[in-house]
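# Analysis of the macromolecular model
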Amino acid sequence: MAFILKNDNLEIQIDAPNENYNFSRFDWTGKIASVKFKNIPISGLEKVKSEDENLFGKGFCNEFGIDSALGFDDAKIGDWFHKIGVGLLKKEDNEYLFNKAYKIKPAKFKIDAKEQKIRLSCKSESANGFSYLLKKEIELHENGFTIHYYLKNIGEKDIRSNEYTHNFIALNKASIGDQYLLNFPFKLKEQQFGEIVNPEEKVVVGQNQINFASTIDQEFFFSNLGGEERVKAEWELINLKSKISIKETGNFQTNKVNLWGCKHVISPELFYNIYLKPGKSTTWSRAYSLNNIE
């Protein structure tokens, strides 16, 4: 069943771990399937035309280890490795691909739902010396929500990974185009970006703002917007027509900020680096705020 967190301004739908999305990429704990602000839709779908939308992201999805899943290199072909927040995946070859459909042994999940918050946990079994405990709390506020994370290494080997949230955002279902502004609290150093995919050249990079010359038709992608420097983990997206803004703020600094988008959704991505010795844990959070602008 889906869980609803709701107040006068916000309505958030959170799918249970084994409900709807069931692919091997995004974290199954706390799947925020949709967000509405004053009854205006804020989030969208990764794919608008798909035979099975449960294979793709929606709303606010987070992912651990997009480039290399935990224990993949240690596993032999035919063995199992971890995808944090999902379970064990079966290794079929020597290249990990985040968008590949792997066979899954789901982790064990627990849910504790309250009126204004929901807590979820995921405890893995041991595989090749790796094991972890993940806890997540999604808490509703008057004009936003916060996602709190706790990750503990309960295995025998070090955990090296990262986590980010893939925000599938479309404010009032508006196509990505000239009614949007995307602001960052740091200088955008285009000459230091990693990868740049801007086929229509409609994505315009300024000093600390990105805007759009016209409606996007093809996918775009920019990596390392901060040039791999440690910067404040924050962005703000504004829709000038609907006069709505959404801001994400992490309680950490980040050295990796990516941006992906297409015609119907946009996703700024703030990465949190993880390095845990056995027995050690870490916590971090992401706060989202929504507002009307003048």
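Description of the structure in this document. (Residues numbered from 1 in each chain as written. Predicted model: local features only at pLDDT ≥ 70, side-chain atom pairs only at ≥ 80, totals over all residues. Heavy atoms only, no water.)

### Some details on the sheet that holds strand β6 (residues 80-83)
- With antiparallel pairing, 3 strands are arranged side by side in an open sheet as β6-β7-β8. Each edge of the sheet is formed by a strand with only one pairing partner; in this case those strands are β6 and β8 (104-106). Here the average twist between neighbouring strands, direction ignored, is 30 degrees. (Pairing = 2+ DSSP bridges. Helix = DSSP H or I, 4+ residues; strand = E, 2+ residues; numbered from the N terminus. Axes fitted to C-alpha atoms, helices over the stretch in contact; angles between N-to-C directions.)

### Brief notes about the state of the cysteines
- Following the criterion strictly, the structure yields 0 disulfides and no others.
- C61 forms no disulfide, and the closest cysteine sulfur to it belongs to C262, at a distance of 14 Å.
- When its relative accessible area of 9% is taken as the criterion, C61 is described as buried. (Disulfide = S-S within 2.5 Å. Buried < 20%, exposed > 50% of the residue type's maximum accessible area, 1.4 Å probe, protein only.)

### Quick notes on the pairing of strand β7 (residues 87-90)
- Note: β6 against β7, 4 bridges, orientation antiparallel. Looking at β7, one finds that W80 is bridged to K90.
- In sequence, β6 turns back onto β7 through a hairpin of 3 residues, with G85 there showing a positive phi of about 85 degrees.
- Bridging between β7 and β8 involves 3 bridges; their strand directions are antiparallel. What sits directly across from L88, in β8, is K105.

### What about the sheet that holds strand β10 (residues 117-123)?
- Strand order in the open sheet formed by 10 strands is β9-β10-β11-β12-β24-β20-β19-β14-β17-β16, and the pairing between neighbours is antiparallel. In the strand order of this sheet, the two ends are held by β9 (108-113) and β16 (203-205), each with one partner. Across the sheet, the mean angle separating the axes of adjacent strands is 15 degrees when strand polarity is ignored.
- In this structure, strand β12 (residues 144-153) lies alongside strand β24 (residues 281-292), joined through 9 bridges in antiparallel fashion. Paired with G144 across the strands is S289, a residue of β24.

### Quick notes on the packing of aromatic side chains
- Taken as a whole, this structure holds 20 aromatic pairs when the rule is applied.
- Ring geometry for F252 against Y272: centres 5.0 Å apart, planes inclined by 65 degrees, an arrangement best described as edge-to-face. Pair noted here: F252 is in strand β20 (residues 244-254) and Y272 is in strand β23 (residues 272-276), with a separation of 20 residues, a long-range link.
- Residue class for Y272 comes out buried when judged on its relative accessible area of 13%.
- Centre to centre, the rings of Y272 and W284 are 4.4 Å apart; their planes meet at 15 degrees, and the pair counts as stacked. With Y272 in strand β23 and W284 in strand β24, this pair connects stretches of sequence that are 12 residues apart. When sorted by exposure, Y272 lands in the same class as W284, which is buried.
- Counting every residue linked through ring pairs, the aromatic cluster contains F64, Y149, F252, Y272 and W284.
- Geometry around F72 places K91 over its ring, the cationic atom sitting 4.4 Å from the centre.
- When the ring centre of Y150 is taken as reference, the NZ or CZ atom of K135 above it lies at 5.5 Å. (Phe/Tyr/Trp six-rings, centres within 6.5 Å; stacked < 30°, edge-to-face > 60°. Lys NZ or Arg CZ within 6 Å of the ring centre and 35° of its normal.)

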